[in-house]
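Listed here are the chains, written in short residue letters.
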Amino acid sequence: MAYPTRMERCANHGEIKAHWKYAGGVTGNTFGTETEALTIADCYNDAPVSMTEYQSGMVTQFSDALALGGFSGSIHATVIRCHNAGNVYTDFSGAGGFAGILSQSKIEQCFNTGDVEAKGRFGGNNGRAGGLCGYNISGPVINSFYNTGDIKADTRVGGIDGQVHGEMELNNVYNAGKVTATASGALVSNIASIAGNGTLTVSNSYYSSEGAVEPTPGDRMATPLTLRQLTKADLGD
């Protein structure tokens, strides 16, 4: 018989430095299943998190599979009332203020205030960064999330999701951070950058109109507001 697992009231205050695979301020990789559900509640990180090259050329062919998050490298779980306040930096691809990769997850009443940067130095220009996640797969559902950190990458940047890959649902979210892409022809979005097969559903969501980039299809499902207006936005419970 399988039993649900719950992780509660955890905090990290120490800097995290990684060179490989999945890394995060609270967990490296969280993976629940339908029969062994995982819930994380009331946890946070307030320290810097980074992933850098260990030895020249060693991880080049794997760089696209590496993921770094202020809270967790990869999340496949239900996460409630958690946050990240540490800055996130990676030499590689997927970096998120909250998670590097989100899969079949439910995120509720969470936020990120840390700055995020993904260099995408190895395996071509493939840096993906977002205030919530670097990229998603397999249909996460987000209910009440906000980002105030600045987000920077070379090719895929989003205030919430750096690259929507597969299905994603955003409810009651906002982005107040600055988004910046460094490569020519990059896809940069105030809310979420949508990849070729990505599908995004957005409701009651907002982004800062102050310093915003040209709206993308993902942005047009959200509402631009001034920073003052954002402080009064109703994000539900």
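This text follows the structure it describes.
Residues numbered from 1 in each chain as written. Predicted model: local features only at pLDDT ≥ 70, side-chain atom pairs only at ≥ 80, totals over all residues. Heavy atoms only, no water.

Caption draft 1: Examining the overall build of the protein more closely. A count of helical and extended segments in the protein gives one helix and 30 strands. Burial status across the protein gives 51% buried among its 237 residues. Surface accessibility of the protein: about 10200 Å² in total, with carbon and sulfur atoms responsible for 48%. (Helix = DSSP H or I, 4+ residues; strand = E, 2+ residues; numbered from the N terminus. Buried < 20%, exposed > 50% of the residue type's maximum accessible area, 1.4 Å probe, protein only. Areas by Shrake-Rupley, 256 points an atom, 1.4 Å probe, with all protein chains shown as cover.)

Caption draft 2: Local environment of the sheet that holds strand β25 (residues 179-181). Read across the sheet, six strands follow the order β3-β8-β13-β17-β21-β25 without closing on themselves; strand pairing throughout is parallel. Edge positions in the sheet fall to β3 (16-18) and β25, since each has one partner strand and no second. Strand-to-strand twist of the sheet, defined as the mean angle between neighbouring strand axes without regard to direction, takes the value 5 degrees. Examined bridge by bridge, strand β17 (residues 116-118) and strand β21 (residues 151-153) share three bridges and lie parallel to one another. Each residue of the ladder has a partner; that of Ala118, found in β21, is Ala153. (Pairing = 2+ DSSP bridges. Axes fitted to C-alpha atoms, helices over the stretch in contact; angles between N-to-C directions.)

Caption draft 3: Seen up close, the packing of aromatic side chains. Going through the model one piece at a time under the given rule, you end up with four aromatic pairs. An angle of 75 degrees between the planes, with centres 5.9 Å apart, marks the rings of Phe98 and Phe145 as edge-to-face. Residue Phe98 is found in the loop between β14 (94-96) and β15 (99-102), and its partner Phe145 is found in strand β20 (residues 141-147); the two are separated by 47 residues along the sequence. Both residues of the pair, Phe98 and Phe145, count as buried. Here the aromatic rings of Tyr146 and Tyr174 are separated by 5.1 Å at their centres, their planes lie at 5 degrees, and the arrangement is stacked. (Phe/Tyr/Trp six-rings, centres within 6.5 Å; stacked < 30°, edge-to-face > 60°.)

Caption draft 4: Region of interest: the sheet that holds strand β26 (residues 187-189). Here we have six strands laid out as an open sheet, ordered β4-β9-β14-β18-β22-β26, and parallel in their pairing. At either margin of the open sheet sits one strand with a lone partner, and together these are β4 (22-24) and β26. Taken over all neighbouring pairs, the strand axes of this sheet differ in orientation by 5 degrees on average, direction set aside. Inspection of the sheet shows β14 paired to strand β18 (residues 128-130) by three bridges, in the parallel sense. Of the residues in β18, the one forming a bridge with Gly94 is Arg128.

Caption draft 5: Seen up close, the pattern of salt bridges. Under the criterion given, the structure shown has four salt bridges. Linking Glu8 and Arg6 is a salt bridge whose minimum nitrogen-to-oxygen distance equals 2.7 Å. Residue classification places Glu8 among the partly exposed residues on the basis of a relative accessible area of 36%. The exposure class of Arg6 is partly exposed, given its relative accessible area of 48%. When the shortest N-O distance is used, the salt bridge between Glu8 and Arg9 registers 3.9 Å. Since its relative accessible area comes to 65%, Arg9 is described here as exposed. (Salt bridge = Lys/Arg side-chain N within 4 Å of Asp/Glu carboxyl O.)

Caption draft 6: Region of the structure containing the environment of Phe145. Residue class for Phe145 comes out buried when judged on its relative accessible area of 0%. Linking Phe145 and Gln109, residues 36 residues apart in sequence, is a C-alpha distance of 5.7 Å. Once you skip the residues sitting within four places of it in the chain, Phe145 turns out to touch Phe98, Ile107, Cys110, Phe111, Asn112, Gly131, Leu132, Ile160, Asn172, Val173 and Tyr174. (Contact = heavy atoms within 4.5 Å.)

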